[in-house]
Amino acid sequence: QLPDTLNSDQLRASRDNLTIAEQYTLEALQFNGSLPGPTIRMKRGEQFQVQFHNDIGQESIIHWHGMIVPPDMDGHPKDVISEGSYSYDFKINQRAGTYWYHPHPHRITGPQVYRGLAGFFIVTDDEEEALNLPSGDYELPLVIQDRKIDDSGNIYYDPSMPERMMTGYLGEHILVNGVPNPYHEVQPRPYRLRLLNGSNARIYNIAFRDDNSFTVIGSDGGLLPQPVETTELLLAPGERADILVDFSNGFSNNSAELISKTFSVPSNGGMMGNMSQMMGQGSPEQGSEFPLMEFRIGNEINSSNFVDLPQQLSEVNFPIEDNAVRTRSIELNMEMMTGHTINGRLFEMLRVDEKITQGDTEIWEFINNSAVPHPMHIHAVQFKVLSRNGNRDLIPTETGWKDTVLVMPGERVRVIVTFDALKGLYVFHCHNLEHEDAGMMANLEIT
Ligand code: C2O
Ligand code: CU
Ligand code: CU
């Protein structure tokens, strides 16, 4: 079951009790009665206009993750509405890519996304269309989310203190596009999968059971400069990966099982490190192997199963290190009573934490001194990852434009970013939504 396409200029968030499969129910929040929310498709240059109606009975506001929009269109938590509507109206002026939308109220983003408020925002442009990538039935936007389900089949959100403060909320059941035990019937030919990790806290190491390789063609901010072949790919909450998979090749028993392969979370020693290990709440810990979904491969012979990928996929124009006017250190710490902080502080709605001159290119250095991973996300920009721990130890998606980058315990990740967006207040934060809700967020002001 694929997400519907948005075919109105209204996005209404409402609450409902929903049976999402025979045995599972969810006290759901939904956009336009759809789980996930309807897929928005726009072409670069078009004007996007939508009226957001909030009928969920608590504060909310929509953020367009990865989109570069004016500050009052960005879903800053100060702009929440508790009823009525909010008008969005902005021009799509950025690269083709797999973006997404979700609520952004302070302290309650986690539960709202968890209960169903999230959808794809797909942007196309001429450069991408010229590649003739698989489309229509052969292009699948897939949002992967882990959930906790109790004995009577209710999906519930009830993080304990350690889950709020340390690990984030990890579930043991996977939903893809809102469906438990997901599978999809495919033809033996290449497909384009637009993967979104829409989980609150869980990181996936995307792979196939048989270790088949796939081709990464895009990341958060659209097409990579060159395609990259791989057998596994880390995808943290908030991140996207655009991949090509050829189901005519190398899969046995007409089945391709997408899994999350084991990966290790570097331990960052100390008492906090040990505590976070002890605080597991019954769900498999971060890094465990997980089945995600199955592709059942049909027999139909299709003539158009050849994708002729050029060596050069996209013109990327990354900022140049020599042009950076400064380096900012963004320290991620864990404190006993406070929880996770950014440069020693918790979020405050209107305090300006980083002041930036419009048009400046800067290097941001994320330094993770805590014992758990932090996928760091900056609004209003796309950036390029330069290095990790001093080495150029980058994963395939990090060869392209990014808006969210995974910073493992003990890591120091440098990114380069040009602040071209309109002047105003935006946020940056950890995309582990329990961390964000607990205050691991800060304001940046472009002046
Ligand atoms: Cu997807 Cu500020 O978030
Ligand atoms: Cu965002
Ligand atoms: Cu975090």
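This is a predicted model, so every value here is computed, not measured.

Colleague: Which residues make up the sheet that holds strand β3 (residues 37–43), and what values go with them?
Modeller: The strand order across the open sheet built from four strands is β3-β8-β7-β5, with neighbouring strands paired in mixed fashion. With one partner strand each, in any of the chains shown, β3 and β5 (62–65) form the two edges of the open sheet. The mean angle between the axes of side-by-side strands here comes to 20 degrees, regardless of whether they run parallel or antiparallel. As defined by bridge partners, β3 adjoins strand β8 (residues 119–124) across five bridges and the pair is classed as parallel. Among the inter-strand pairings, Ile40 is bridged to a residue of β8, identified as Phe121.

Colleague: I'd like to hear about the domain arrangement of the chain, residue by residue, with values.
Modeller: According to the domain assignment, the chain consists of domain 1 (10–126), domain 2 (136–297) and domain 3 (321–446). Summarising the inter-unit geometry, the C-alpha centres of domain 1 and domain 2 are found 22 Å apart. Between domain 1 and domain 2, the residue contacts involve 24 residues of the former and 24 residues of the latter. Ranked by residue count, the leading element in the side of domain 1 that touches domain 2 is helix α1 (residues 109–114), at four residues. Here the side of domain 1 that touches domain 2 is built from residues that sort into 14 nonpolar, eight polar and two charged.

Colleague: Help me get a handle on unusual backbone geometry, residues and values and all.
Modeller: Residue Pro36 follows Leu35 across a cis peptide bond; omega there is -10 degrees. The residue Pro36 is located in the loop between β2 (24–31) and β3 in this model. Residue Asn32 is not a glycine yet carries a positive backbone phi of 50 degrees. Within the fold, Asn32 resides in the loop between β2 and β3. Even without a glycine there, the phi angle at Asn177 is positive, about 50 degrees. Tracing the backbone shows Asn177 in the loop between β11 (173–176) and β12 (179–180). Here Asn177 falls in the buried class, since 22 other C-beta atoms lie within 10 Å of it.

Cut-offs used in this document
- Residues numbered from 1 in each chain as written.
- Chains lettered and ligands numbered in written order.
- Predicted model: local features only at pLDDT ≥ 70, side-chain atom pairs only at ≥ 80, totals over all residues.
- Pairing = 2+ DSSP bridges.
- Helix = DSSP H or I, 4+ residues; strand = E, 2+ residues; numbered from the N terminus.
- Axes fitted to C-alpha atoms, helices over the stretch in contact; angles between N-to-C directions.
- Domains from an automatic or database assignment.
- Contact = placed C-beta atoms within 7 Å.
- Nonpolar A, V, L, I, M, F, W, Y, C, P; charged D, E, K, R; others polar.
- Buried ≥ 20, exposed ≤ 12 C-beta atoms within 10 Å, placed from the backbone.

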